[in-house]
Amino acid sequence: MSRKEELRRRILKYFLLRGKATRPELVEYTSSRAATVFDVIDELKSCGFLVEPGRRGKRTGRKAPALTLHGTAGYWLGVDFRHGGTAGIIIDGCGEVICREELSCARRDLNDCRREIGELVRRLRKAAGKEWELVSGIGFADPGVVDPDNAVSRKAVNIPGWENAATGEWLEGEFHLPVGIWPETMIKTRMEYMLRMPDVPESIFLLTLDDGVGGGFIRNGELFVGSSGCGMEIGHLVIDPAGPVCKCGNRGCVEALVGENGIRSKMVQAIKSGMKSSLDMENFSLNAFLEAAHSDKAARIVADQVCKNIGQALSAVVMLLNPSMIVFGGALSKLDSILISGVRRVLELNCFAGALQELKLELARSDEFDTARGAALRMRDKVWLGE
Ligand SMILES: [Zn+2]
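Computed from a predicted structure; not experimentally measured.

Reading guide: rules and limits
- Residues numbered from 1 in each chain as written.
- Predicted model: local features only at pLDDT ≥ 70, side-chain atom pairs only at ≥ 80, totals over all residues.
- Heavy atoms only, no water.
- Helix = DSSP H or I, 4+ residues; strand = E, 2+ residues; numbered from the N terminus.
- Phe/Tyr/Trp six-rings, centres within 6.5 Å; stacked < 30°, edge-to-face > 60°.
- Buried < 20%, exposed > 50% of the residue type's maximum accessible area, 1.4 Å probe, protein only.
- Lys NZ or Arg CZ within 6 Å of the ring centre and 35° of its normal.
- Pairing = 2+ DSSP bridges.
- Contact = heavy atoms within 4.5 Å.
- Axes fitted to C-alpha atoms, helices over the stretch in contact; angles between N-to-C directions.
- Donors = N, O, S within 2.8 Å, 3.2 Å for Na, K, Ca; no water.
- Tetrahedral: all angles 85-135°; square planar, octahedral: opposite > 155°, others 65-115°.
- Domains from an automatic or database assignment.
- Buried area = accessible area lost by both parts, 1.4 Å probe.
- Salt bridge = Lys/Arg side-chain N within 4 Å of Asp/Glu carboxyl O.
- Polar contact = N/O pair within 3.5 Å; in protein donor to acceptor, adjacent residues only side chain to side chain.
- Nonpolar A, V, L, I, M, F, W, Y, C, P; charged D, E, K, R; others polar.

### Thoughts on unusual backbone geometry
- Omega for the bond connecting Met197 with Pro198 falls within 30 degrees of zero, at 0°, which places this linkage in the cis form.
- If you trace the backbone, Pro198 turns up in the loop between α6 (184-194) and β12 (203-209).
- One non-glycine residue, Asn164, lies in the positive phi region at around 45°.
- Position of Asn164 relative to the elements: it lies in strand β10 (residues 163-165).

This is the structure we're talking about:
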């Protein structure tokens, strides 16, 4: 890649993450000669990627006018296929929502899954009307392990039939658009980073805590996934070798301890040892537990144990990656202050003080459509950067 191409890529990437910038900001960011930067900006404008509404016409005062991405240079469709339902969205080139839909059907096998996804995309097509013509690609957030190079869904343990499915090929055949597939945690991590713009921390470790537990790490806008894409599998970090058996076959993984089954057996133990609880254990659900954790004595004690497990796994993360921020997503983030203070206590016991001084612990900021939006944005970036 020539130096100019490299600069073009850096500048375009800057816009894809931040949405806007002024010419002086880009000169400072790239530490390149102003004339070279302006050449690249003009080229990106003539290719239709950027617009600079304030440059001609009305006076904008002393401040340099901002360049932004070009909204109608292309629309992008994002799908968030997950346990219990599918969310979909169409966004413009700046990430603004054009339309969104949600759907959940009974799923017994792969055909049911595909019927749900296909119907969702058709509803979005209908909602977009004439603007459907602008849609240039589909980004798909997959709930399990994926092979992104071949757009194949390898396996999601909690979705029946979702195994070795050529999701990309199927979607391309149905809707005649290019398709990109990424693991949902990767998409979510990038969204948490983008949602904190412009005051974004240098690095974020995202921990998603549902029945499944996932992790993602992003630093200076770049995701780190390891040399074969298997990094950040914090859910299957063994923290209690004598613990319960996990879906992966090992014993005492984080996921086995803090997933729904793990929490249920902790509750049973607590009640057996004489702790009072108002929770109906016959009809136990994660949500009922999470609601009770702030008031029920046994549930609160179990919540503290769960935070201890999570804190122990995160101690390894803090010692290895030294992130500037840890973000908690998923159902267990409803534990809110119990989770944040419980985890911080464990980290303080286990980690070097130097790694904790600047460390922020926060809850996720994304809403229920942000993963679909993130998948659409990721597809936009893939196409625009020519990846
Ligand atoms: Zn496991």
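### Remarks on the packing of aromatic side chains
- Following the criterion strictly, the structure yields 8 aromatic pairs and no others.
- Ring centres of Phe49 and Trp384 lie 5.0 Å apart, and the angle between their planes is 65°; on these two criteria the pair is classed as edge-to-face. Within this pair, whereas Phe49 is found in the loop between α3 (34-46) and β2 (50-51), its partner Trp384 is found in helix α13 (residues 370-384), the two being separated by 335 residues in sequence.
- Given the relative accessible area of 9%, Trp384 is considered buried.
- Ring centres of Phe81 and Trp162 lie 4.5 Å apart, and the angle between their planes is 50°; on these two criteria the pair is classed as tilted. Note that Phe81 is positioned in strand β4 (residues 75-82) and Trp162 in the loop between β9 (152-155) and β10, a separation of 81 residues in sequence.
- Taking relative accessible area as the criterion, Phe81 reaches 0% and is therefore assigned buried.
- Each member of the aromatic cluster is reached from another via a ring pair, and the members are Tyr14, Phe15 and Tyr29.
- If you follow Arg10 out to its NZ or CZ, it ends over the ring of Tyr29, 4.7 Å from the centre.

### Looking at the sheet that holds strand β3 (residues 66-69)
- The strand order β1-β3-β2 describes an open sheet built from 3 strands, whose pairing is antiparallel. For this open sheet the edge positions go to β1 (20-22) and β2, each flanked by a neighbour on one side alone.
- With 3 bridges connecting them, β1 and β3 associate as antiparallel partners. Paired with Lys20 across the bridge in β3 is Thr68.
- Strand contacts of helix α1 (residues 3-18): β1, β2 and β3, with the helix running at about 125° to β1, the strand carrying the most contacts.

### Some details on the sheet that holds strand β14 (residues 222-224)
- Read across the open sheet, the 5 strands follow the order β14-β13-β12-β15-β16; overall the sheet is mixed. This sheet does not close on itself; its edge strands, each paired only once, are β14 and β16 (360-363). Within the sheet, the average angular offset between the axes of one strand and its neighbour, ignoring direction, is 25°.
- Pairing of strand β15 (residues 325-329) with β16 involves 4 bridges; the strand directions are parallel. In the sheet register, Val327 faces β16, and the bridge partner there is Glu362.
- This element, α6, spans β12, β13 (213-219), β14 and β15 of the sheet and lies at about 130° to β12.

### Re the coordination of the zinc ion
- Only His236 (ND1), Cys246 (SG), Cys248 (SG) and Cys253 (SG) from the protein coordinate the zinc ion, and they sit 2.0 to 2.4 Å from it.
- The site at the zinc ion holds 4 donor atoms, and with the angles between them running 104 to 123°, its shape is tetrahedral.
- Every donor residue of the zinc ion comes from the same chain, spaced as H-x9-C-x1-C-x4-C. You can see His236 sitting in the loop between β14 and α7 (254-258) and its partner Cys246 sitting in the loop between β14 and α7, a full 10 residues away along the chain.

### Let's talk about the domain arrangement of the chain
- For the chain, the assigned domains are domain 1 (3-69), domain 2 (74-188 + 369-384) and domain 3 (198-363).
- Using C-alpha coordinates to define each centre, domain 2 is positioned 28 Å away from domain 3.
- Listed per partner, the contact involves 4 residues of domain 2 and 8 residues of domain 3.
- Summed over both partners, the interface of domain 2 with domain 3 buries about 560 Å², with 76% contributed by carbon and sulfur atoms.
- Run the count over domain 2 and domain 3 and you get 0 salt bridges.
- In this structure, the connection of domain 2 to domain 3 is made through 0 residue pairs in polar contact (both at pLDDT 80 or more).
- Within the side of domain 2 that touches domain 3, the residues separate by chemical class into 2 nonpolar, 1 polar and 1 charged.

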